[in-house]
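Chain and residue survey
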Amino acid sequence: MAPPSVSKVLVNRNDTPSHSSPLTPPVILERGIPDGGLEAWCAVLGSFIAQFCGFGYASAFGVYQEYYTREFLSHESSSAISWIGSLSAFLVTAIGPICGPLHDRGHFYLVFVGGALLQSFSLFMLSLAQPGSYYQVFLTQGIGSGIAQGLMYVPSFAILSQHFCRRRALVMSIVASGASLGGIVHTIMLNRLINGPIGFATGVRISAGLVTGLLFISCLLIRTRYETGHDSLPANTWKAAIKCVTEVPSLLMVTAFLFFQTAYLYPFFYFQLDSVRHGLSTSFSFYSLVIVNAASFCGRFSAGFIAHFISVVDLTILSTVACAVLLGGMIWLSSMESFIALGLLYGLLSGMNIAMMAPFMALITTDPSELGVRMGISFAITGKWSPISGALLTKQYIWWAPALFCAVSCNIRYVIRHTRPTR
């Protein structure tokens, strides 16, 4: 059966949706995209589940960080342990230049289903790791799971451009919220399982079973609108990649998000450990990361609605400034009240910021058929660098050093992003 015909039309900036900004160049809108319907919303649900099981699982690494530091890999430094989660988070975006072009050329199922299978396999292999065996955890959780999440990450966003046009920012923020909801569920479940009577091996197997079942449903829900090798897909991947790093708006966006991503995951990795080291109760420490992820879910989910009124660019800038202030405020964390307040605010605002990354890329992409390539390149460049924070923390737990570094990184991002080129 032939794929549906899609025609493209060049429109002026004044004709763009209300969430556009002065940064927006003339964009190409695709006629024939349904902007809704059963197949389109099934794709949203499937992508939401993929984020839940992919980056959502990575968002719960703070549970592993605390458990590894305290018991499973107690002979390793916090920085060495954070390399596991950081490499996994980095690979989520680093392999974007591979899976992005593959998606644009019509190989969505090859990439996405392959990532789902690898994620399931990696988590079951993690359950076989032995206490003290750093390399086993590093290979399965750091490398295997990271690559698996990366294979699903870019396609789960890029596929939405086949089903939505004017609602693209909204549905992308909904899909992005899946990672935060996954962070909530996985954090609670892993804390109950790993730190409970079940133990590490069986607990990880149970979580792997849940992830496997959900990813199976996700693969069944998502359907593409273009066949493999369809002519409307980009033939010149290299040209699209060059444009991603040479066009001024795109270059500014990539550089700004790079600085933000350097700081973004620090609270997600160390919030639970921070509360433990400050003498707060074990029960509260276990749920401190849930507070951040719950607020992040609200932020990601609501970002698409808010951006409709104040634009994607303005929401990104405002949330960046707020996150910089809150990261600096982590220096003075000590009481339960301060952890709750900062966790709620940082989760909410950082969630909004991250949810706007994919819509931002779609906003400044002049040709929608290049979106997969540009997302892949941008996500790869803006990979997450949490080991820097771990190295600054040291074994003596100097909490002010990584907090100050992350706050400065966010402020640099604000300065870059606030510099808007005129057209």
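One can find the structure itself at the top, above this paragraph.
To keep things clear, this report deals only with the structure shown in the data block. (Residues numbered from 1 in each chain as written. Predicted model: local features only at pLDDT ≥ 70, side-chain atom pairs only at ≥ 80, totals over all residues. Heavy atoms only, no water.)

1. Considering the overall build of the protein chain
Condition: In this text, helices come from DSSP runs of H or I with a minimum length of four residues, and strands from runs of E with a minimum of two, each type numbered from the N-terminal end. When accessible area is computed with a 1.4 Å probe and restricted to protein chains, residues below 20% of their type maximum are described as buried, those above 50% as exposed, and intermediate ones as partly exposed. In this analysis, two residues are considered to be in contact whenever any of their non-hydrogen atoms come within 4.5 Å of each other. Computed with the Shrake-Rupley method and a 1.4 Å probe, the accessible areas treat only the protein chains shown as cover for residues.
When helices and strands are tallied, the protein chain shows 19 helices and two strands. Burial analysis of the protein chain (423 residues in total) assigns 61% to the buried set. By sequence separation, contacts in the protein chain at least 24 residues apart represent 84% of the contacts at least 6 residues apart. By element, 69% of the accessible surface of the protein chain is carried by carbon and sulfur atoms, the whole surface being about 15,400 Å².

2. Observations regarding helix α1 (residues 38–53)
Defined as follows: One less than the residue count of a helix, multiplied by 1.5 Å, gives the span that helix is expected to have.
Taking 1.5 Å per residue, 16 residues should reach 22 Å; α1 reaches 23 Å between its end C-alpha atoms and fits that length. Among all positions in α1, only A40, A43, V44, G46, S47, F48, I49, A50, Q51, F52 and C53 are buried.

3. Here's the deal with a nonpolar patch on the surface
Note the threshold: Patch construction takes residues with relative accessible area above 30% that form no salt bridge. Like charges are linked within 9 Å, and nonpolar side chains (Val, Leu, Ile, Met, Phe, Trp, Tyr) are linked within 5 Å. Put simply, a salt bridge is a Lys or Arg side-chain nitrogen that is within 4 Å of an Asp or Glu carboxyl oxygen.
A surface patch of nonpolar side chains, amounting to about 430 Å² of accessible area, comprises I398, W400, L404, V408 and I412. Counting through the fold element by element, V408 comes out in helix α19 (residues 400–418).

4. Description of unusual backbone geometry
Across the chain, the bulk of peptide bonds are trans and the bulk of non-glycine residues have phi less than zero. The backbone of S311 shows a phi angle near 80°, a positive value even though the residue is not glycine. Its location among the elements puts S311 in the loop between α13 (282–310) and α14 (312–329).

5. Some remarks on the environment of C244
With respect to the helices and strands, the residue C244 is situated in helix α10 (residues 237–246). The sequence separation of C244 and T365 amounts to 121 residues, and the corresponding C-alpha distance is 8.6 Å. Once residues lying within four places of it in the same chain are set aside, the contact partners of C244 are S250, L251, R374, I377 and S378.

6. Some details on the side chain of S161
The condition is simple: Polar contacts, as counted here, are pairs of nitrogen or oxygen atoms within 3.5 Å of one another; within protein the pair requires one atom able to donate a hydrogen and one able to accept it, and residues that are adjacent in sequence qualify only if both atoms are side-chain atoms.
By the secondary structure assignment, S161 is in the loop between α7 (134–158) and α8 (168–194). Judged by relative accessible area, which is 8%, S161 ranks as buried. Engagement of the side chain of S161 in a polar contact is seen with the backbone oxygen of A158, the distance being 2.6 Å.

7. Structural notes on the packing of aromatic side chains
For clarity, the threshold we go by: Aromatic contacts are taken between Phe, Tyr and Trp rings whose centres are within 6.5 Å, Trp giving its six-membered ring; a plane angle under 30 degrees counts as stacked, one over 60 as edge-to-face, and the others as tilted.
Going through the model one piece at a time under the given rule, you end up with 24 aromatic pairs. For the ring pair Y68 and F72, a centre distance of 5.8 Å and an interplane angle of 40° mean the geometry is tilted. Taken together, the residues Y68 and F72, both in helix α3 (residues 61–72) and four residues apart, mark about one turn of the helix. Each member of the pair, Y68 as well as F72, is classed as buried. Judged by centre distance (5.1 Å) and plane angle (15°), the rings of F108 and F112 are stacked. Residue F108 and its partner F112 are located together in helix α6 (residues 108–126), separated by four residues, close to a single helical turn. One exposure class covers both F108 and F112, and it is buried. Here the aromatic residues Y57, F61, Y64, Y67, Y68, F72 and F200 are joined through ring pairs into a cluster of three or more.

8. Details of the packing of α14 against helix α15 (residues 336–355)
The cut-off we apply is this: Here, axes are lines fitted to C-alpha atoms. For helices the fit covers the stretch in contact, and angles between N-to-C directions go from 0 to 180 degrees. Oblique is the label for any angle not covered by the other classes, which are roughly parallel (under 35 degrees), roughly antiparallel (over 145) and roughly perpendicular (65 to 115). Two helices that cross are described as forming a left-handed crossing if the nearer one is turned anticlockwise from the farther one by less than a right angle, and a right-handed crossing if clockwise. Amino acids outside the nonpolar list (Ala, Val, Leu, Ile, Met, Phe, Trp, Tyr, Cys, Pro) and the charged list (Asp, Glu, Lys, Arg) are all regarded as polar, and Gly is one of them.
Two elements in contact, α14 and α15, have axes whose closest approach is 9 Å; the angle formed by their N-to-C orientations is 150°. Overall, the two elements α14 and α15 adopt an arrangement that is roughly antiparallel. Between α14 and α15 lies a crossing whose hand is left-handed. Contact residues: L315, T316, S319, T320, A322, C323, L326, L327 and G329 in α14; L342, L345, Y346, L349, S350, M352 and N353 in α15. Of the residues in the contact of α14 with α15, the class split is 10 nonpolar, six polar and no charged.

9. Thoughts on the pattern of salt bridges
In this structure the tally under the stated criterion is two salt bridges. Salt-bridge contacts for E66 lead to R70; the nearest nitrogen and oxygen are separated by 2.8 Å. Taken together, the positions of E66 and R70, both in helix α3 and four residues apart, correspond to about one turn of that helix. Residue classification places E66 among the buried positions, given a relative accessible area of 3%. Across the pair R70 and E71 runs a salt bridge whose closest N-O atoms are separated by 3.4 Å. The exposure class of R70 is partly exposed, given its relative accessible area of 42%. By sharing partners, the salt bridges in this structure join E66, R70 and E71 into a single network.

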